Amino acid sequence: MPHFSYDIELEQEEAFVLELILSYQGLRKSEIVDTIDSTLRTDEILFQLLNQELIFEHEDGSFRVRPEALRSVIAYLEKFRLVW
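All of the points below concern the structure found in this document. (Residues numbered from 1 in each chain as written. Predicted model: local features only at pLDDT ≥ 70, side-chain atom pairs only at ≥ 80, totals over all residues. Heavy atoms only, no water.)

1. Things to note about the overall build of the protein chain
Point 1. Counting secondary structure elements, the protein chain contains four helices and three strands.
Point 2. Counting from the amino terminus, helix and strand elements in the protein chain follow one another as α-β-α-α-β-β-α.
Point 3. For the protein chain, the C-alpha radius of gyration of 12 Å lies close to 12 Å, the compact-globule estimate for 84 residues.
Point 4. With respect to the principal axes defined by its C-alpha atoms, the protein chain has extents near 35 × 30 × 20 Å.
Point 5. Residues classed as buried in the protein chain amount to 39% of the 84 residues present.
Point 6. Restricting to contacts in the protein chain with at least 6 residues of sequence separation, those with at least 24 account for 58%.
Point 7. In the form shown here, the protein chain has an accessible surface area of approximately 5,700 Å², with 49% of it arising from carbon and sulfur atoms.
Point 8. In the protein chain, the 8 positive side-chain charges and the 17 negative ones have mean positions that sit 5 Å from each other. (Helix = DSSP H or I, 4+ residues; strand = E, 2+ residues; numbered from the N terminus. Rg over C-alpha atoms; globule rule 2.2 N^0.38 Å. Buried < 20%, exposed > 50% of the residue type's maximum accessible area, 1.4 Å probe, protein only. Contact = heavy atoms within 4.5 Å. Areas by Shrake-Rupley, 256 points an atom, 1.4 Å probe, with all protein chains shown as cover. Lys, Arg positive; Asp, Glu negative; His and termini not counted. Charge placed at Lys NZ, Arg CZ, Asp CG, Glu CD.)

2. Considerations on the pattern of salt bridges
Point 1. Under the definition given, this model contains six salt bridges.
Point 2. A salt bridge links Arg41 to Glu44; the nearest nitrogen and oxygen atoms lie 3.1 Å apart. Taken together, the residues span about one helical turn, with Arg41 and Glu44 both in helix α3 (residues 39-51) at a distance of three residues.
Point 3. Classification of Arg41 as buried rests on a relative accessible area of 18%.
Point 4. When its relative accessible area of 38% is taken as the criterion, Glu44 is described as partly exposed.
Point 5. Of the charged contacts, one joins Arg66 and Glu68 as a salt bridge, the two residues approaching to 3.3 Å between their closest N and O atoms.
Point 6. Under the relative-accessibility criterion, Glu68 is labelled partly exposed at 31%.
Point 7. Because the salt bridges share partners, they merge into one network encompassing Glu11, Glu13, Arg41 and Glu44. (Salt bridge = Lys/Arg side-chain N within 4 Å of Asp/Glu carboxyl O.)

Next up, the structure:
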């Protein structure tokens, strides 16, 4: 199995949304908007997470953590004590 390493650089709110997506195993954009109360900010956050290839949009419309990025995402979030 190949080892992928991701250089993750996120702002606090982006890391929070990534943690939510990881915890719920997928969230729709509307659910993220409801959580952070900003459509514009949600678009920016999703763009950042998609651009860093940490998440993908599933065919059901939800955003999920990329399987190949999972280890890096968990390590990053543990470092900031967002998951343990």
